[in-house]
Amino acid sequence: MKAELTNAGFQDLTTAEEVDNFMQNTKGTALVVINSVCGCAAGAARPGVRAALAGSDVKPDHLATVFAGADLEATAKMREYTLPYPPSSPAVALFKDGELIHFVERHHIEGRSAQMIAEHLKMAFEEFCTEEA
C-alpha cells in the first residue's frame, strides 16, 4: 500500500520530524497523500493520485505521503498542517511554500472513481501548480 505511492516518486514520511522538515524546507508546490488501508484508498485515492500525475502536464514540485494507522506520529504531525480540516484518511493535500491551498477529504473520495479523483486533482494542479498561481 505504501509502495503504490513510493514507487510513483512519493517521499515516505514516517516521523513527526520528517514531516516538519519536509513542510518547513519545501519550496514550491507539494502534494501530500494521507494514505490508509481502507477500500477507498485502494480503489480511488491512490490510483486517482497516480493517474492525475501521469495524465497532467502540470504537476506539483514535490510528492510526499504519510500512512494513517501505521505512522501515527507522522500522520498526527501532518494533520496539524491540514488544519482547520478535521482528521481524514485517505486525504490529499496540496501545499504551496508550506501553506495549505487545496484539500480533498475522505468524504470527497468515497463513492468516486479513481478517474474522478484524477480529474479533480488535475484541475487543482492546473490552478495551483503553475508559475502564475
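The name an unreviewed UniProt entry assigns to the protein is Putative YphP/YqiW family bacilliredoxin, from the organism Dyadobacter jiangsuensis. Regarding the protein, the relevant UniProt record gives this comment under Sequence similarities (unreviewed entry): "Belongs to the bacilliredoxin family."

Within this structure, the stated rule accounts for one aromatic pair. With a centroid separation of 4.6 Å and an interplanar angle of 35 degrees, the aromatic rings of tyrosine 85 and phenylalanine 103 are classed as tilted. With tyrosine 85 in the loop between α4 (72–81) and β4 (91–96) and phenylalanine 103 in strand β5 (residues 99–104), this residue pair connects regions lying 18 residues apart in the sequence. With relative accessibility at 31%, the residue tyrosine 85 sits in the partly exposed group. With relative accessibility at 8%, the residue phenylalanine 103 sits in the buried group.

Moving on, we get to the sheet that holds β4. Pairing is mixed in the open sheet, where five strands are placed in the order β1-β3-β2-β4-β5. Where the open sheet ends on each side, the last strands, each with one partner, are β1 (11–12) and β5. Two elements, strand β2 (residues 29–35) and strand β3 (residues 62–67), share six bridges in a ladder whose sense is parallel. Within the sheet, the bridge partner assigned to asparagine 35 lies in β3 and is phenylalanine 67. Together, β1, β2, β3 and β4 form the strand contacts of helix α2 (residues 16–25), whose direction differs from that of β3 by roughly 155 degrees.

Next up on the list: empty space enclosed by the protein. A full pass over the atoms with the stated rule returns one cavity of 30 Å³ or more. Of the volumes computed, that of the largest cavity is approximately 40 Å³. Residues that form the lining of the largest cavity fall into these classes: four nonpolar, three polar and one charged.

This next bit is on the pairing of β3. Counting buried residues in β3 gives five out of six residues, a clear majority hidden from the surface. Both β1 and β3 contribute to a ladder of two bridges, which runs parallel. Its bridge partner being in β3, aspartate 12 is matched across the sheet by threonine 65. Tracing the backbone out of β2, into helix α3 (residues 39–55) and back to the parallel element β3 gives a crossover that is right-handed.

Reading the values: the criteria
- Residues numbered from 1 in each chain as written.
- Predicted model: local features only at pLDDT ≥ 70, side-chain atom pairs only at ≥ 80, totals over all residues.
- Heavy atoms only, no water.
- UniProt positions renumbered as here; feature names shortened; annotations may be inferred.
- Phe/Tyr/Trp six-rings, centres within 6.5 Å; stacked < 30°, edge-to-face > 60°.
- Helix = DSSP H or I, 4+ residues; strand = E, 2+ residues; numbered from the N terminus.
- Buried < 20%, exposed > 50% of the residue type's maximum accessible area, 1.4 Å probe, protein only.
- Pairing = 2+ DSSP bridges.
- Contact = heavy atoms within 4.5 Å.
- Axes fitted to C-alpha atoms, helices over the stretch in contact; angles between N-to-C directions.
- 1 Å grid on protein atoms, 1.4 Å probe; cavity = no way out; pocket = protein on both sides within 12 Å on 5 of 7 lines; lining within 4 Å.
- Points joined across faces, edges and corners; volume = space filled by probe spheres on them.
- Nonpolar A, V, L, I, M, F, W, Y, C, P; charged D, E, K, R; others polar.
- Right-handed = clockwise from strand over helix to strand, strands pointing away.

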